[in-house]
Amino acid sequence: MPAARVNGHVIHYRLEGREQQGGPTLAFSNSLGTDLRVWDPLLPHLPSDWRLLRYDTAGHGLSEHPGAYSIQDHAADLAGLLAELEIDAAVIVGLSIGGQIAQALAAAQPRRIEGLVLCDTAPRIGEAAMWKHRIDGVRETGLAAMSEAVLERWFTQKFREERPDELALWRAMLVRTPAESYTALCAALRDADLSASTARIAKPTLCLVGDEDGSTPPALVRAMAETIAGARFEIISGAGHLPCVEAPEQLASLIVDFMKEAQLA
């Protein structure tokens, strides 16, 4: 399994596809309670000649947990991983907190960014009281006790009713996330407000959201897109917070169109 030591801890990653002359590299950053496998349904629908980097956010999947860590620290991890792999710049595809990591990286090291695909995310997600309630709940009763509520925000009712076996796998991924890692990422979300720096993003940007997203609803994502000069905003029908799982073909089509439109592929 490929791993890189970045900022003092080990990050698990997968890099697929060969570097092509003039071809794009996409780097994917996952959401809270998932790991790099959240992108598995999407990848087969992307062009085979693209270079695709996925990694487990610190404390999730197989990546080590560094303790208390801000969104900016996570962005530094992504920058460090790109440097370790000798990737000068990439299009960053971020989901939920992964989208915040992408926004923070664009602010701190814009030279690392060729473009942004911000999925179901915003400069600020939720209120401090909500995150405190989530953190306290995980510490008191564990992730399993709140897993149903989380899955309702992640997936549409149609998905939950018609694909129960897949739903069971996503529940397993969520509840097997270490509590200390999950709550640390909740704390990073609680403390993050990237509104000012995100409004200064000057890279080609695509903002996407599932029409039934229960965590970052379309109005919130649209508001973010309106602050970014030239950003494109799209709503994916029949999807919740994880369109890469529920609507991978729609998501892939929008990413491919964006890459061509922005002359990134």
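Residues numbered from 1 in each chain as written. Predicted model: local features only at pLDDT ≥ 70, side-chain atom pairs only at ≥ 80, totals over all residues. Heavy atoms only, no water.

A. Inspection of the layout of surface pockets at higher detail. Considering only enclosed or pocket space, the largest pocket measures out at about 350 Å³ in volume. Along the wall of the largest pocket there are 19 residues; nearest its centre are D35, R37, G61, A172 and M173. Residue assignment for the lining of the largest pocket shows that the elements contributing at least two residues are β2 (9–16) and α6 (164–175). The biggest single contributor to the lining of the largest pocket is α6, with five residues. Grouping the constituent residues of the lining of the largest pocket by class yields seven nonpolar, five polar and seven charged. (1 Å grid on protein atoms, 1.4 Å probe; cavity = no way out; pocket = protein on both sides within 12 Å on 5 of 7 lines; lining within 4 Å. Points joined across faces, edges and corners; volume = space filled by probe spheres on them. Helix = DSSP H or I, 4+ residues; strand = E, 2+ residues; numbered from the N terminus. Nonpolar A, V, L, I, M, F, W, Y, C, P; charged D, E, K, R; others polar.)

B. Geometry of the pairing of strand β7 (residues 205–210). Of all six residues in β7, six are buried, a share of seventy percent or more. Covered by surrounding structure in β7 are T205, C207 and V209 together with L206, L208 and G210, the residues of both alternating faces. Pairing analysis gives five bridges linking β7 to strand β8 (residues 232–236), with the strands arranged parallel. Counterpart to C207 in the pairing with β8 is F233. In this view, the connection linking β7 to its parallel neighbour β8 by way of helix α9 (residues 218–227) has right-handed handedness. (Buried < 20%, exposed > 50% of the residue type's maximum accessible area, 1.4 Å probe, protein only. Pairing = 2+ DSSP bridges. Right-handed = clockwise from strand over helix to strand, strands pointing away.)

C. The arrangement of the packing of helix α3 (residues 128–141) against helix α7 (residues 179–191) in detail. Orientation of α3 relative to α7, taken along the N-to-C sense of each, is 175°, at an axis distance of 9 Å. When the interaxial angle is binned, α3 and α7 end up roughly antiparallel. Contacts between α3 and α7 pair A128, W131, R134, I135, V138 and R139 from the former with A179, Y182, T183, C186, A187, L189 and R190 from the latter. (Axes fitted to C-alpha atoms, helices over the stretch in contact; angles between N-to-C directions. Parallel < 35°, antiparallel > 145°, perpendicular 65-115°, else oblique. Contact = heavy atoms within 4.5 Å.)

D. Seen up close, unusual backbone geometry. Notably, D120 is not glycine yet its phi reads approximately 50°, a positive angle. Within the secondary structure, D120 sits in the loop between β6 (113–119) and α3. Phi is positive for Q263, close to 55°, though the residue is something other than glycine. By secondary structure assignment, the location of Q263 is in the segment after α11 (248–261).

E. Inspection of the sheet that holds strand β1 (residues 3–6) at higher detail. Pairing within the open sheet is mixed, and its eight strands lie in the order β1-β2-β4-β3-β5-β6-β7-β8. Two strands bound the open sheet, and with one partner strand each, they are β1 and β8. Taken pair by pair, the neighbouring strands of this sheet meet at an average axis angle of 25°, ignoring direction. Here α9 sits on the sheet in contact with β6, β7 and β8, set at roughly 175° to β7. Set on the sheet, α11 makes contact with β3 (25–29), β5 (90–95), β6, β7 and β8; between it and β8 the angle comes to about 165°.

F. Representation of helix α4 (residues 147–154). Inspection of α4 places S147, V150, L151 and W154 among the buried residues, and these make up the whole buried set. Projected onto a plane normal to the axis of α4, the buried residues spread over an arc of 100° and lie on a single side. Those residues of α4 that are buried lie in contact with α5 (157–162), α6, α7 and α10 (243–246). (Arc of directions from axis to C-beta.)

Note that every value here comes from positions in space, so none of it alone points to a role or purpose.
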